Amino acid sequence: MTAFRTLDDAGALRGKRVLLRVDVNVPMENGRVTDATRIERVVPTIREIADQGGRVVLLAHFGRPKGKPDPKDSLKPVVETLSRHLGRPVAFAADCVGAAAGAAVAALKDGDVLLLENTRYHAGEETNDPAFAEALARNGDLYVNEAFSAAHRAHASTEGLAHLLPAYAGRLMQAELDALTKGLEAPRRPVIALVGGAKVSSKIDLLQNLVAKVDMLVIGGGMANTFLHAQGKGVGTSLCEKDLADTAIRILEAAKAASCRIILPVDAVVASAFAAHAPHETVSVDAVPEAGMILDAGPRSVAEIEAAIDAAATLVWNGPLGAFELAPFDAATVAAARHAAERTAAGRLVSVAGGGDTVAALNHAGVGETFSYVSTAGGAFLEWLEGKALPGVEALRAK
């Protein structure tokens, strides 16, 4: 990955104050961390810097305090869990700038780790105020960004700092950028994208970008109903944005012009109600009953998707193919995910997934660990799929 500066380019770290931007915006309940996944993922980079004698100064946000300190958004409760996973003490400072932060940083010895209080306690964080960025920079000799999940925001701690100190990608950021490059920027072809979810309206930019970049595009979930409706097919009482029929047609036309094959459901699992184990039947998409609700793609559709995956070298996946949270309407998502995982395990497919319900859907199918890369970044992953430049990433490009 030569386009971005990484820790490999940072030189000797011993005695250096390393401002490390992490995402530890974890779920909390009664002051305790309930899911430590994001903490676990940043531990290797923290440990690598500390083991080399760097003085690790962690910057992070929590919640949405909107520039005013709020005890419920304090990062202090994260310290215990972070320390446990890291296997070493983690100090805490009650502010991320000013005297409290300065004193805590000055007290650090080589290999020590310090977590500063929520950057969003200051309004200058989200406005990317140069003065606030400079106040953060005073406590570091170099800057490492490990928070791809916040890279779509041009905030002081995600973008501004990168212009004030030597700036590098952390290992998690590096892995994310490597995966994204393999997914769309410089992929092995043919490339297939699978896009599911409820609404076309939330993914118009994404679909328009993908039809110009991929060879095959599978459209599933509730959004497929809008395309079926646009083609003149009845969708019964299914979720469908009928006012976006013209948009759907434009996307289909753009795909044709770009020689991108669109794969829509040819059969559907139709139920009488949006509920687990609701009475259901499988019908052709040309024969959806007026009172029927499409909740999943049918077996013929799954077979077509699996055959398309077999023909591809790279898969980019975003969103489920049906109402995967309701059995048995998870069948298409589970089958396609397991098929992609088998191809990946056999070395025949590079599979990159992320955004929204995707991680939950793949974990539900038991294949979250088998895909080449699964991003937990949410909004940043989606904006990358939409072809947008991410400020926090652009700031790390090798000059």
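Residues numbered from 1 in each chain as written. Predicted model: local features only at pLDDT ≥ 70, side-chain atom pairs only at ≥ 80, totals over all residues. Heavy atoms only, no water.

## Thoughts on the pattern of salt bridges
Close approach of charged atoms allows side chains of opposite charge to pair. A full pass over the atoms with the stated rule returns 18 salt bridges. A salt bridge links Arg189 to Asp215, with the shortest nitrogen-to-oxygen separation between them at 3.0 Å. Of this pair, Arg189 sits in the loop between α6 (171-185) and β9 (191-195) while Asp215 is found in the loop between α7 (204-211) and β10 (216-219), placing the two residues 26 residues apart along the sequence. Residue Arg189 is classed as partly exposed on the basis of its relative accessible area of 47%. Taking relative accessible area as the criterion, Asp215 reaches 26% and is therefore assigned partly exposed. Because the salt bridges share partners, they merge into one network encompassing Asp8, Glu48 and Arg171. (Salt bridge = Lys/Arg side-chain N within 4 Å of Asp/Glu carboxyl O. Helix = DSSP H or I, 4+ residues; strand = E, 2+ residues; numbered from the N terminus. Buried < 20%, exposed > 50% of the residue type's maximum accessible area, 1.4 Å probe, protein only.)

## Here we look at the packing of aromatic side chains
Across all of its chains, the model carries two aromatic pairs by this definition. Taking 6.0 Å as the distance between ring centres and 70 degrees as the angle between the ring planes, the aromatic pair formed by Trp317 and Phe371 counts as edge-to-face. With Trp317 in strand β15 (residues 314-318) and Phe371 in the loop between α12 (358-364) and β17 (373-375), the pair connects residues that are 54 residues apart, well separated along the chain. Overall, Trp317 belongs to the buried group, its relative accessible area being 0%. Given the relative accessible area of 4%, Phe371 is considered buried. (Phe/Tyr/Trp six-rings, centres within 6.5 Å; stacked < 30°, edge-to-face > 60°.)

## Observations concerning the UniProt feature "binding site: (2R)-3-phosphoglycerate" (unreviewed entry) in the protein chain
In the UniProt entry, the feature "binding site: (2R)-3-phosphoglycerate" (unreviewed entry) is given for Arg38, Arg120 and Arg153. Considered against the largest cavity, the annotated residues that line it turn out to be Arg38. You can see Arg38 is positioned in helix α1 (residues 37-51). Not counting residues within four places of it along the chain, the set of residues in contact with Arg38 comprises Asp23, Asn25, Val26 and Thr376. Relative to the assigned elements, Arg120 resides in the loop between β6 (113-116) and α4 (123-126). Residues in contact with Arg120, not counting those within four places in the same chain, are His61, Gly63, Arg64, Pro65, Lys66, Gly67, Lys68, Glu125, Glu126, Arg153 and His155. (UniProt positions renumbered as here; feature names shortened; annotations may be inferred. 1 Å grid on protein atoms, 1.4 Å probe; cavity = no way out; pocket = protein on both sides within 12 Å on 5 of 7 lines; lining within 4 Å. Contact = heavy atoms within 4.5 Å.)

## A closer look at unusual backbone geometry
Here the residue pair Arg189 and Pro190 is connected by a cis peptide bond, since its omega of 0 degrees sits within 30 degrees of zero. Examined against the element boundaries, Pro190 turns out to sit in the loop between α6 and β9. Of note, the amide linkage connecting Ala327 to Pro328 takes the cis form, showing an omega dihedral of 0 degrees. For Pro328, the position within the fold is in the loop between β15 and α11 (331-345). Of note, the phi angle at Ser259 is positive, near 60 degrees, even though the residue is not glycine. Along the polypeptide, Ser259 turns up in the loop between α9 (245-257) and β11 (261-263).

## Here's the deal with helix α3 (residues 98-106)
Every buried residue of α3 is listed here: Ala101, Ala104 and Val105. Looking down the long axis of α3, one finds its buried residues gathered within 100 degrees of arc, a one-sided arrangement. For α3, exposure combined with an orientation more than 90 degrees from the buried face picks out Ala99 and Ala106. (Arc of directions from axis to C-beta.)

## Re the sheet that holds strand β13 (residues 280-284)
Across the sheet, which stays open at both edges, the three strands sit in the order β13-β12-β14 with antiparallel pairing between neighbours. For this open sheet the edge positions go to β13 and β14 (293-297), each flanked by a neighbour on one side alone. If you compare each strand with its neighbour and ignore which way they point, the axes differ by 40 degrees on average. Across five bridges, strand β12 (residues 267-271) lies against β13 in antiparallel orientation. The partner of Val270 across the bridge, within β13, is Glu281. Together, β12, β13 and β14 form the strand contacts of helix α10 (residues 299-310), whose direction differs from that of β12 by roughly 140 degrees. (Pairing = 2+ DSSP bridges. Axes fitted to C-alpha atoms, helices over the stretch in contact; angles between N-to-C directions.)

## Things to note about the UniProt feature "binding site: ATP" (unreviewed entry) in the protein chain
The UniProt record annotates "binding site: ATP" (unreviewed entry) at Lys203, Glu325, Gly355, Gly356, Asp357 and Thr358. Looking at the secondary structure, you find Lys203 in the loop between β9 and α7. Judged by its relative accessible area of 11%, Lys203 is buried. Aside from chain neighbours lying at most four places away, what touches Lys203 is Val195, Gly196, Gly197, Met223, Asn318 and Gly319. When you line up the elements, Glu325 lands in the loop between β15 and α11.

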